[in-house]
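A closer look at the structure
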Amino acid sequence: MAQSEIESRAIGMVIGAAVGDALGAPFEFKPGGLYRTTFPEPVLHGSGEMIGGGYLGWEPGEFTDDTQMALALAESILQAGGFDPDVTWRWFTTWAETAPDVGSTTSASLSLEHWSDVRMDSRGSAANGALMRSFVQAVPFLHEPREFVRNIVLRQSALTHPHPASGWGAWINVEMCRMYIDGDDALEALDGLIADVDTDYQDRFHTLLSPSWSPKNPHESNGSVWGCLAQAVWAVRTTSSFEDAVIAAVDLGDDADTVGCVAGALAGARYGIDAIPERWRRVVHGRFDGPHGLCEYTVDDLERITRRLLALSSP
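One structure accompanies this document, and this report is about it. For clarity, every value in this text was computed on a predicted model and none was experimentally measured.

**Some words on the overall build of the chain**
Looking only at helices and strands, one finds 15 helices and 2 strands in the chain. Expressed as lengths along the three principal axes of its C-alpha atoms, the size of the chain is roughly 50 × 45 × 40 Å. Long-range contacts, defined here as pairs at least 24 residues apart, represent 75% of the contacts in the chain between residues at least 6 apart. Taking the 22 positively charged and 44 negatively charged side chains of the chain as two groups, their mean positions are separated by 1 Å.

What follows is the structure in structure tokens.
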């Protein structure tokens, strides 16, 4: 694939995730179907459907903790020239000190003195916090062997999420993004990916990520890695455009910003930056505190950081 197409898909992934996140923010913790009743027709003027609000009062177009953590991870990879748990831990803990929204599983882990104090434990909740931020790893490690990437994604996920399934879901997401960026059909490859997952979790991922699954099936909370990834993949599988995929994801409600973020990353990687509606991408933005001060991002900044991550990859 031409380098320009790879760049389009990589940039589309990062901006798509931020767009899906910001679009879902007003509908977080609200019932499904509310997006479509609020916007029965596309809003083509101003900031479009980017209305902001939600229980934390986000600005129109402002992304939430999902993209904030992803960018903190991206910045740590750029600082270290790869994945370094100490560097990433510093970015995460600094972010958490002032972030308006930190998930309970993430908060519990980041309150510990060191990342090595986070112990793997399958008895707790397999929350979606490691999944939501994982997509950025697809870019700097785009051309690395699958086993290498799997090891990094699992280690990075374990910094905050002790349940192994959280890491495995994050890895499936990263691999799907890598495939889309490289021009491959990630949906066709899902069975092969799941075959590489720990055998304790293969059957459940296979059921939730199969073409026959839909959100109408027995309910899986999208606050979990199971329900969040299943809904995001379903949204991409059952639509044929970035816009439709993200709307389908956000309209499911509950953890709408996170499902929107994951679906936005997958759809952005699948369709490329030009497929993201201009009315959404021009207003997307956000900020958070990092170890070196306030980090602020416009859509142009998101493109720049993606290009910097892509420069780390080796063809």
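**Let's talk about the packing of aromatic side chains**
Under the definition given, this model contains 10 aromatic pairs. Ring centres of F29 and Y55 lie 5.3 Å apart, and the angle between their planes is 55 degrees; on these two criteria the pair is classed as tilted. A residue pair is termed long-range when its members are at least 10 positions apart, and F29 in the loop between helix 1 (3–24) and helix 2 (34–38) and Y55 in the loop between helix 2 and helix 3 (65–80) qualify at 26 residues. F29 gets classed as exposed once you look at its relative accessible area, which sits at 54%. Between W168 and W171 the ring centres are 6.0 Å apart and the planes differ by 85 degrees, which places this aromatic pair in the edge-to-face class. Within this pair, W168 and its partner W171 are both found in helix 8 (residues 164–181), separated by 3 residues, close to a single helical turn. For the pair formed by W168 and W171, the shared burial category is buried. Among the aromatic residues, those joined into a cluster by ring pairs are F27, Y35 and F39.

**Details of helix 8**
Its 18 residues give helix 8 an end-to-end C-alpha distance of 26 Å, which sits within 8% of 26 Å, the value for a rise of 1.5 Å per residue. A positive backbone phi angle near 90 degrees is found at G183, which sits one or two residues after helix 8.

**Comments concerning the environment of S134**
For S134, the location among the structural elements is in the loop between helix 6 (129–133) and helix 7 (146–157). Put simply, S134 and I194 are 60 residues apart on the chain and 17 Å apart in space, counted from C-alpha to C-alpha. When sequence neighbours within four positions are dropped, the list of residues in contact with S134 reads A170, N173 and V174. Reaching out from S134, the side chain makes a polar contact with the backbone oxygen of L131 at a distance of 2.8 Å. Of note is the side chain of S134, whose polar atom sits 3.0 Å from the side chain of N173.

**Quick look at the state of the cysteines**
In total, this model carries 0 disulfides according to the counting rule given. C177 forms no disulfide, and the closest cysteine sulfur to it belongs to C261, at a distance of 9.7 Å. Sulfur of C261: no disulfide; nearest cysteine sulfur belongs to C228 and is 8.4 Å away. The exposure class of C261 is buried, given its relative accessible area of 0%.

**Overview of helix 4 (residues 85–98)**
In this model, helix 4 (14 residues) spans 21 Å end to end at C-alpha, consistent with the 20 Å of a helix rising 1.5 Å per residue. Within the span of helix 4, buried status applies to P85, V87, T88, W89, W91, F92, T93, T94 and W95. On its buried side, helix 4 packs onto helix 3, helix 5 (104–110), helix 6, helix 7, strand 1 (286–290) and strand 2 (293–297). One side-chain oxygen of the residue at the start of helix 4 lies 2.9 Å from the amide nitrogen of D86, identifying that residue as D84.

**Some points on the side chain of E62**
Tracing the chain through its elements places E62 in the loop between helix 2 and helix 3. E62 sits in the buried class, given a relative accessible area of 8%. Separated by 3.4 Å, the side chains of E62 and R287 make a polar contact.

**Some thoughts on the nonpolar core**
The biggest cluster of nonpolar side chains holds 106 residues, and the ones touching the most others in it are M13, F135, I172, M176, I181 and F205. Among residues more than four places away in sequence, those in contact with F205 are A165, W168, G169, I172, I194, V197, W226 and L229.

**A closer look at the pairing of strand 1**
Alternating positions in strand 1 separate cleanly, G286, F288 and G290 being buried on one face and R287 and D289 remaining unburied on the opposite face. Pairing geometry for strand 1 and strand 2, over 5 bridges, is antiparallel. Across the sheet, the residue bridging to R287 is E296, located in strand 2. A loop of 2 residues connects strand 1 with strand 2, the two strands running antiparallel in sequence.

**Side note on a negative patch on the surface**
A surface patch of negative charge is lined by D182, D184, D185 and E188. The topology assignment puts D185 in the loop between helix 8 and helix 9 (190–194). With relative accessibility at 39%, the residue D185 sits in the partly exposed group.

**Structural notes on the pattern of salt bridges**
Summed over the entire model, instances satisfying the criterion amount to 16 salt bridges. When salt bridges with common partners are traced through the structure, they connect E59, E62, R287 and E296 into a single cluster.

**Focus on unusual backbone geometry**
Most peptide bonds take the trans form, and the phi angle of most residues other than glycine is negative. Of note in the backbone geometry, F29 takes a positive phi value of approximately 65 degrees without being a glycine. The residue D254 is not glycine, and still its phi comes out positive at about 55 degrees. Structurally, the position occupied by D254 is in the loop between helix 12 (242–250) and helix 13 (256–271).

Rules used in this analysis
Going along each chain's sequence as written, the residues are numbered from 1 onward. Note on the predicted model: pLDDT of at least 70 is required for a residue's local features to be given, and 80 or more for side-chain atom pairs to be given and counted; whole-chain, interface and lining totals, by contrast, use all residues. Computation of side-chain values: all heavy atoms of the structure, hydrogens and water removed. Secondary structure counts use DSSP, requiring at least four H or I residues in a row for a helix and at least two E residues in a row for a strand, with both numbered from the N terminus. Residues count as neighbours in contact if any of their non-hydrogen atoms are within 4.5 Å of one another. None of His or the chain ends enter the tally, which takes Lys and Arg as positive and Asp and Glu as negative. The atoms used to mark charge sites are NZ of Lys, CZ of Arg, CG of Asp and CD of Glu. Between rings of Phe, Tyr and Trp, where Trp is taken as its six-membered ring, a pair exists when centres lie within 6.5 Å; planes separated by under 30 degrees are stacked, by over 60 edge-to-face, and by other angles tilted. Throughout this description, buried means an accessible area under 20% of the type-specific maximum (1.4 Å probe, protein chains only), exposed means over 50%, and partly exposed covers the range between. One fewer than the residue count of a helix, multiplied by 1.5 Å, yields its expected span. Polar contacts here mean pairs of N or O atoms no more than 3.5 Å apart (in protein, one a potential hydrogen donor and the other a potential acceptor; neighbouring residues in sequence count only if both atoms are side-chain atoms). What counts as a disulfide here is a pair of cysteine sulfur atoms lying within 2.5 Å. Buried Ala, Val, Leu, Ile, Met, Phe, Trp, Tyr and Cys residues form a nonpolar core when they are joined through side-chain atoms within 4.5 Å. Strand pairing is assigned whenever DSSP detects at least two bridges linking the two strands. Patch membership requires over 30% relative accessible area and the absence of a salt bridge. Like charges are linked within 9 Å, and nonpolar side chains (Val, Leu, Ile, Met, Phe, Trp, Tyr) within 5 Å. The accessible surface values rely on the Shrake-Rupley method and a 1.4 Å probe; as for residues, cover is taken only from the protein chains in view. Salt bridge, as used here, is a side-chain nitrogen of Lys or Arg placed within 4 Å of a carboxyl oxygen of Asp or Glu.

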